[in-house]
Amino acid sequence: MNIILLGPPGAGKGTQAARLIADRGLVQLSTGDMLREAIKAASPVGLRAKAIMEAGELVPDEVVNELIAGRLDLPERYSGAGFIFDGYPRTEAQAVSLDALLSERDMKLDHVIELIVDEDALVDRITGRFSCSKCGEGYHDRHKLPKVPSLCDVCGAEEAFKRRPDDTEQTVRTRMAEYRAKTAPILPYYEARGLVRRVEGMAPIAEVERAIEAILDAA
Ligand code: AMP
């Protein structure tokens, strides 16, 4: 089963993807994560993407299309139950490219799940978030602080918290504008094929997860 998770920054795509991996063995393909890895490794892709990402703008289509093409051919594809595309596609050109990449491999999309969210609440959600760099557990300045300030509740790592450099209010506003202008317009492309399902993304995490599971189970 291959799924796209669609929604503006902070809608909970990464959180829900993590749950689907744990519950269903799906393989997550997050272009944002791939780009952050490329920046860390100072690879040519990373050097090209860094300033664009810090400004909250979209990296060129051909860069992310190539990242995805490379991952679809990794061996994990054959052992998994399918893919969750998280943060990809973000433009119509990427959607068209993904269709071609999948059909060349005799694969298809099963669902496009759109997380519906309130933008002002998202700014609050994003500008306060941080996570443990060791285990990935997510925290929030106003809603979920670690029990001991310097220690991760889950893995106990000390002083290991990190924040994304693009989680500032100004960048978040730009990322949302990019979503409205370039990503939301791809919904009709998938709606025409009856693939889009909508989920209330401001609900508690477990509730959002249940709604997504119900969609996948009904298939
Ligand atoms: P994310 O982790 O999905 O929020 O992505 C973080 C940033 O990476 C975005 O604001 C973009 O600058 C870049 N990015 C991630 N995925 C894509 C994509 N599919 N197309 C273009 N840029 C992307």
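In case you missed it, the structure is sitting above this.
To keep things clear, this report deals only with the structure shown in the data block. (Residues numbered from 1 in each chain as written. Predicted model: local features only at pLDDT ≥ 70, side-chain atom pairs only at ≥ 80, totals over all residues. Heavy atoms only, no water.)

### Quick word on the overall build of the chain
Counting its secondary structure elements, the chain contains 10 helices and 8 strands. A compact globule built from 219 residues should have a C-alpha radius of gyration of about 17 Å, and the chain, at 17 Å, falls within 12% of that. For the C-alpha atoms alone, the extent of the chain along its principal axes is close to 50 × 40 × 35 Å. Relative to its full complement of 219 residues, the chain shows a buried share of 45%. A fraction of 68% describes how many contacts in the chain between residues 6 or more apart in sequence connect residues 24 or more apart. For the chain, the accessible surface area stands at approximately 10,900 Å², while carbon and sulfur atoms represent 53% of it. One way to put it: in the chain the 29 positive side-chain charges average out to a point 2 Å from where the 36 negative ones average out. (Helix = DSSP H or I, 4+ residues; strand = E, 2+ residues; numbered from the N terminus. Rg over C-alpha atoms; globule rule 2.2 N^0.38 Å. Buried < 20%, exposed > 50% of the residue type's maximum accessible area, 1.4 Å probe, protein only. Contact = heavy atoms within 4.5 Å. Areas by Shrake-Rupley, 256 points an atom, 1.4 Å probe, with all protein chains shown as cover. Lys, Arg positive; Asp, Glu negative; His and termini not counted. Charge placed at Lys NZ, Arg CZ, Asp CG, Glu CD.)

### Description of the site of the ligand
As a matter of local geometry, the ligand sits amid 16 residues, with Thr31, Arg36, Glu57, Arg90 and Gln94 nearest to it. A distance of 3.0 Å separates a nitrogen atom of the ligand from a polar backbone atom of glycine 87. Taken by itself the ligand offers 480 Å² of open surface, and the protein chains cover 97% of this. The leading source of residues in the shell around the ligand is helix α2 (residues 31-40), at 4 residues. Here the shell around the ligand is composed, by residue class, of 6 nonpolar, 4 polar and 6 charged. (Near = heavy atom within 4 Å. Polar contact = N/O pair within 3.5 Å; in protein donor to acceptor, adjacent residues only side chain to side chain. Nonpolar A, V, L, I, M, F, W, Y, C, P; charged D, E, K, R; others polar.)

### Comments concerning the sheet that holds strand β7 (residues 161-162)
Read across the sheet, 3 strands follow the order β6-β5-β7 without closing on themselves; strand pairing throughout is antiparallel. Every interior strand has two partners, whereas the edge strands, β6 (138-140) and β7, have only one. Pairing of strand β5 (residues 129-132) with β6, which is carried by 3 bridges, proceeds in the antiparallel orientation. Bridging across to β6, phenylalanine 130 finds its partner in tyrosine 139. (Pairing = 2+ DSSP bridges.)

### What to know about the packing of helix α1 (residues 13-24) against helix α10 (residues 205-218)
A pair of packed helices is characterised by two quantities: the angle between their axes and the separation of those axes. With their axes 10 Å apart at the nearest point, α1 and α10 run at an angle of 55° to one another. Between α1 and α10, the crossing angle belongs to the class labelled oblique. In terms of crossing hand, the pair formed by α1 and α10 is right-handed. For the pair α1 and α10, contact is made by Thr15, Gln16, Arg19, Leu20, Asp23 and Arg24 and by Ile205, Ala206, Val208, Glu209, Ile212, Glu213, Leu216 and Asp217, respectively. Split into classes, the residues belonging to the contact of α1 with α10 amount to 6 nonpolar, 2 polar and 6 charged. (Axes fitted to C-alpha atoms, helices over the stretch in contact; angles between N-to-C directions. Parallel < 35°, antiparallel > 145°, perpendicular 65-115°, else oblique. Left-handed = near helix turned anticlockwise from the far one by under 90°.)

### Section: the pattern of salt bridges
By the definition in use, this model includes 25 salt bridges. A salt bridge links arginine 24 to glutamate 213, with the shortest nitrogen-to-oxygen separation between them at 2.4 Å. Of this pair, arginine 24 sits in helix α1 while glutamate 213 sits in helix α10, and the two are 189 residues apart along the sequence. Residue classification places arginine 24 among the partly exposed residues on the basis of a relative accessible area of 25%. (Salt bridge = Lys/Arg side-chain N within 4 Å of Asp/Glu carboxyl O.)

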